[in-house]
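Each chain is listed here by its residues.
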Amino acid sequence: KMVEVNGTSISEFLQDFTDALRQSRESALLGKYDEALIFYDGVLAQIQHRVKGLTDMSLKERWMEMKETVQDEARTVKELTAVLSSFKEPPSASSAFRPRAAGMSNIEGKENFEDDPMVWQPPTDSRRTIAPRGSLANSGGSGDLPGWAQKAGASSSSRYAAPSCPTLASSAGPPRGR
(Lines give C-alpha, C1' and ligand atoms only; values in the text may rest on other atoms or scores of the structure.)
Protein backbone atom coordinates (compact mmCIF):
# COMPACT_ATOMS: atom_id res chain seq x y z
CA LYS A 1 0.00 0.00 0.00
CA MET A 2 1.36 3.42 -1.04
CA VAL A 3 1.13 6.03 1.74
CA GLU A 4 -0.13 9.44 0.66
CA VAL A 5 0.65 12.76 2.26
CA ASN A 6 -1.69 15.60 1.36
CA GLY A 7 -2.64 13.98 -1.94
CA THR A 8 0.85 12.91 -3.14
CA SER A 9 2.71 9.68 -2.56
CA ILE A 10 5.76 9.61 -0.32
CA SER A 11 8.02 8.66 -3.22
CA GLU A 12 6.74 11.58 -5.34
CA PHE A 13 7.13 13.97 -2.42
CA LEU A 14 10.68 12.79 -1.71
CA GLN A 15 11.59 13.00 -5.41
CA ASP A 16 10.26 16.57 -5.66
CA PHE A 17 11.94 17.49 -2.37
CA THR A 18 15.36 16.13 -3.35
CA ASP A 19 15.17 17.74 -6.80
CA ALA A 20 14.34 21.15 -5.32
CA LEU A 21 17.06 20.83 -2.67
CA ARG A 22 19.62 19.75 -5.30
CA GLN A 23 18.61 22.65 -7.55
CA SER A 24 18.90 25.18 -4.71
CA ARG A 25 22.38 23.94 -3.76
CA GLU A 26 23.54 23.81 -7.36
CA SER A 27 22.33 27.37 -8.00
CA ALA A 28 24.17 28.57 -4.89
CA LEU A 29 27.39 26.86 -5.99
CA LEU A 30 27.14 28.44 -9.43
CA GLY A 31 26.72 31.91 -7.90
CA LYS A 32 23.06 32.24 -8.86
CA TYR A 33 22.15 33.31 -5.34
CA ASP A 34 18.76 34.88 -6.09
CA GLU A 35 17.67 31.74 -7.90
CA ALA A 36 19.00 29.58 -5.06
CA LEU A 37 16.99 31.55 -2.50
CA ILE A 38 13.81 30.93 -4.47
CA PHE A 39 14.50 27.19 -4.48
CA TYR A 40 15.39 27.23 -0.76
CA ASP A 41 12.06 28.93 -0.01
CA GLY A 42 10.30 26.18 -1.95
CA VAL A 43 12.16 23.46 -0.06
CA LEU A 44 11.33 25.05 3.28
CA ALA A 45 7.66 25.30 2.29
CA GLN A 46 7.68 21.60 1.32
CA ILE A 47 9.21 20.65 4.67
CA GLN A 48 6.67 22.75 6.57
CA HIS A 49 3.85 21.18 4.57
CA ARG A 50 5.22 17.69 5.26
CA VAL A 51 5.65 18.29 9.01
CA LYS A 52 2.01 19.39 9.37
CA GLY A 53 0.78 16.00 8.21
CA LEU A 54 3.03 13.90 10.48
CA THR A 55 1.89 12.29 13.70
CA ASP A 56 5.05 10.30 14.49
CA MET A 57 7.13 12.54 16.79
CA SER A 58 10.52 10.97 15.95
CA LEU A 59 9.89 11.40 12.22
CA LYS A 60 8.62 14.94 12.82
CA GLU A 61 11.78 15.73 14.81
CA ARG A 62 14.03 14.49 11.99
CA TRP A 63 12.20 16.69 9.48
CA MET A 64 12.59 19.67 11.81
CA GLU A 65 16.36 19.01 11.94
CA MET A 66 16.37 18.94 8.15
CA LYS A 67 14.48 22.23 8.14
CA GLU A 68 17.12 23.84 10.41
CA THR A 69 19.89 22.62 8.11
CA VAL A 70 18.17 24.04 5.04
CA GLN A 71 17.49 27.33 6.88
CA ASP A 72 21.20 27.59 7.74
CA GLU A 73 22.13 27.06 4.09
CA ALA A 74 19.57 29.68 2.99
CA ARG A 75 20.88 32.12 5.62
CA THR A 76 24.42 31.68 4.30
CA VAL A 77 23.25 32.40 0.75
CA LYS A 78 21.42 35.53 1.99
CA GLU A 79 24.61 36.72 3.70
CA LEU A 80 26.58 36.20 0.48
CA THR A 81 23.95 38.17 -1.41
CA ALA A 82 24.23 41.02 1.09
CA VAL A 83 28.03 41.10 0.79
CA LEU A 84 27.86 41.12 -3.00
CA SER A 85 25.29 43.91 -3.03
CA SER A 86 27.54 46.00 -0.77
CA PHE A 87 30.23 45.85 -3.47
CA LYS A 88 27.79 47.25 -6.01
CA GLU A 89 26.96 50.30 -3.87
CA PRO A 90 29.07 53.43 -4.35
CA PRO A 91 31.50 53.98 -1.48
CA SER A 92 30.50 56.55 1.10
CA ALA A 93 32.36 58.45 3.80
CA SER A 94 30.87 56.17 6.45
CA SER A 95 31.77 52.98 4.59
CA ALA A 96 33.72 50.47 6.64
CA PHE A 97 35.56 49.27 3.55
CA ARG A 98 37.15 52.65 2.76
CA PRO A 99 38.09 54.72 5.80
CA ARG A 100 38.97 58.35 5.23
CA ALA A 101 41.58 60.29 7.16
CA ALA A 102 40.57 63.41 9.06
CA GLY A 103 42.33 65.95 6.80
CA MET A 104 41.13 64.59 3.48
CA SER A 105 38.45 66.46 1.60
CA ASN A 106 37.20 66.09 -1.92
CA ILE A 107 37.77 69.32 -3.84
CA GLU A 108 36.92 69.34 -7.55
CA GLY A 109 36.97 65.53 -7.65
CA LYS A 110 40.54 65.28 -6.35
CA GLU A 111 41.64 64.15 -2.92
CA ASN A 112 43.51 66.62 -0.72
CA PHE A 113 46.22 64.81 1.23
CA GLU A 114 48.01 67.82 2.77
CA ASP A 115 47.45 66.71 6.35
CA ASP A 116 48.26 63.03 5.79
CA PRO A 117 51.83 62.27 6.98
CA MET A 118 51.88 59.01 5.00
CA VAL A 119 51.51 60.74 1.62
CA TRP A 120 54.56 62.42 0.11
CA GLN A 121 54.35 65.54 -1.97
CA PRO A 122 55.57 65.44 -5.58
CA PRO A 123 59.33 66.01 -5.86
CA THR A 124 60.55 69.55 -6.43
CA ASP A 125 64.13 70.51 -7.23
CA SER A 126 64.71 74.16 -6.41
CA ARG A 127 68.52 73.82 -6.55
CA ARG A 128 68.80 73.97 -10.32
CA THR A 129 66.79 74.81 -13.32
CA ILE A 130 66.79 72.81 -16.51
CA ALA A 131 68.11 74.75 -19.48
CA PRO A 132 66.00 74.75 -22.61
CA ARG A 133 67.12 72.32 -25.29
CA GLY A 134 69.93 73.67 -27.48
CA SER A 135 70.77 76.59 -25.20
CA LEU A 136 74.28 75.27 -24.45
CA ALA A 137 75.16 75.00 -28.12
CA ASN A 138 73.83 78.48 -28.90
CA SER A 139 75.47 80.25 -25.97
CA GLY A 140 78.98 79.88 -27.30
CA GLY A 141 80.55 80.22 -23.85
CA SER A 142 81.70 77.53 -21.55
CA GLY A 143 80.20 79.25 -18.51
CA ASP A 144 77.03 77.20 -18.90
CA LEU A 145 78.93 73.91 -18.80
CA PRO A 146 79.66 71.93 -15.63
CA GLY A 147 83.19 72.03 -14.24
CA TRP A 148 84.35 68.73 -15.76
CA ALA A 149 83.10 69.78 -19.20
CA GLN A 150 84.71 73.23 -19.00
CA LYS A 151 88.16 71.68 -18.42
CA ALA A 152 87.81 69.29 -21.35
CA GLY A 153 86.29 71.92 -23.60
CA ALA A 154 88.92 74.57 -22.84
CA SER A 155 91.70 72.66 -24.58
CA SER A 156 89.62 71.68 -27.58
CA SER A 157 88.26 73.91 -30.29
CA SER A 158 85.27 71.65 -30.97
CA ARG A 159 82.70 70.51 -28.46
CA TYR A 160 82.85 66.98 -29.79
CA ALA A 161 86.62 66.61 -30.13
CA ALA A 162 88.38 63.95 -28.09
CA PRO A 163 90.49 65.20 -25.21
CA SER A 164 94.17 65.55 -26.03
CA CYS A 165 96.55 62.88 -24.83
CA PRO A 166 100.30 63.58 -24.95
CA THR A 167 101.24 59.92 -25.45
CA LEU A 168 99.03 59.52 -28.51
CA ALA A 169 100.06 62.87 -29.98
CA SER A 170 103.78 61.93 -29.98
CA SER A 171 103.35 58.57 -31.71
CA ALA A 172 103.37 58.53 -35.46
CA GLY A 173 100.81 55.77 -35.99
CA PRO A 174 99.17 52.73 -34.54
CA PRO A 175 101.25 50.65 -32.13
CA ARG A 176 103.37 47.95 -33.74
CA GLY A 177 103.38 44.38 -32.60
CA ARG A 178 106.63 42.85 -31.26
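Rules used throughout
Residues numbered from 1 in each chain as written. Predicted model: local features only at pLDDT ≥ 70, side-chain atom pairs only at ≥ 80, totals over all residues. Heavy atoms only, no water. Helix = DSSP H or I, 4+ residues; strand = E, 2+ residues; numbered from the N terminus. Buried < 20%, exposed > 50% of the residue type's maximum accessible area, 1.4 Å probe, protein only. Contact = heavy atoms within 4.5 Å. Areas by Shrake-Rupley, 256 points an atom, 1.4 Å probe, with all protein chains shown as cover. Expected span 1.5 Å × (residues − 1). Arc of directions from axis to C-beta. Polar contact = N/O pair within 3.5 Å; in protein donor to acceptor, adjacent residues only side chain to side chain. Core = buried A, V, L, I, M, F, W, Y, C linked by side-chain atoms within 4.5 Å. Salt bridge = Lys/Arg side-chain N within 4 Å of Asp/Glu carboxyl O.

K.L.:
Help me understand the overall build of the chain, please; the structure alone is not making it clear to me.
P.N.:
From N to C terminus, the chain includes six helices and four strands. From first element to last, N terminus to C terminus, the chain shows the α and β order β-β-α-α-α-β-β-α-α-α. Residues counted as buried form 17% of the 178 residues belonging to the chain. Restricting to contacts in the chain with at least 6 residues of sequence separation, those with at least 24 account for 40%. Accessible surface computed for the chain: about 14800 Å², of which carbon and sulfur atoms make up 56%.

K.L.:
Even after reading the chapter, I still don't get helix 2 (residues 33-52), so can you show me in this structure?
P.N.:
Count 3.6 residues to each turn of an α-helix, and residues three or four apart come out pointing the same way. Look at helix 2: 29 Å from first C-alpha to last across 20 residues, which is about the 28 Å you get at 1.5 Å a residue. Those residues of helix 2 not exposed but buried are Tyr33, Ala36, Leu37, Tyr40, Val43, Leu44, Ile47, Arg50 and Val51. The buried residues of helix 2 occupy one face: seen down the axis, they fall within an arc of 145°. Residues of helix 2 that are exposed and point more than 90 degrees away from the buried face comprise Asp34, Ile38 and Lys52.

K.L.:
So what exactly am I meant to see when it comes to the side chain of serine 9 here?
P.N.:
Of note, serine 9 is situated in strand 2 (residues 8-9). On the accessibility criterion, serine 9 (10% relative accessible area) is buried. In this structure the side chain of serine 9 is engaged in a polar contact, spanning 3.3 Å, whose partner is the side chain of serine 11. A distance of 3.2 Å separates the side chain of serine 9 from the backbone nitrogen of glutamate 12, its partner in a polar contact.

K.L.:
How should the nonpolar core be read in this particular structure?
P.N.:
Of all hydrophobic cores here, the largest spans 18 residues; its most connected members are Tyr40, Val43, Ile47, Trp63, Val70 and Val77. Here the element with the most residues in this core is helix 2; it accounts for eight residues. Setting aside anything within four residues of it in sequence, one finds valine 70 in contact with Leu21, Tyr40, Val43, Leu44 and Ile47.

K.L.:
Just checking my understanding: could you explain helix 1 (residues 10-29) for this structure?
P.N.:
Its 20 residues place the ends of helix 1 28 Å apart at the C-alpha level, agreeing with the 28 Å of an ideal helix rising 1.5 Å per residue. Residues Phe13, Phe17, Ala20, Leu21, Ser24, Ser27 and Ala28 constitute the buried set of helix 1. One side of helix 1 carries all its buried residues, which in axial view fall inside an arc of 130°. The secondary structure elements touched by the buried residues of helix 1 are strand 2, helix 2 and helix 3 (57-88). Immediately beyond the C-terminal end of helix 1, within one or two residues, lies glycine 31, with a positive phi of roughly 85°.

K.L.:
What's the story with the environment of serine 58 in this structure? I'm lost.
P.N.:
Position of serine 58 relative to the elements: it lies in helix 3. You can call serine 58 partly exposed: its relative accessible area is 45%. Side-chain polar atoms of serine 58 contact the side chain of aspartate 56, separated by 3.2 Å.

K.L.:
Please explain the pattern of salt bridges as it appears in this structure.
P.N.:
Between side chains of opposite charge, a pair can form when the charged atoms approach closely. Inspection of every chain in the model, using the stated rule, returns three salt bridges. Notably, a salt bridge pairs glutamate 73 with arginine 25, separated by 2.7 Å at the nearest N-O pair. Taken together, the residues span a long stretch of sequence, with glutamate 73 in helix 3 and arginine 25 in helix 1 at a distance of 48 residues. For arginine 25, a relative accessible area of 35% translates into the label partly exposed.

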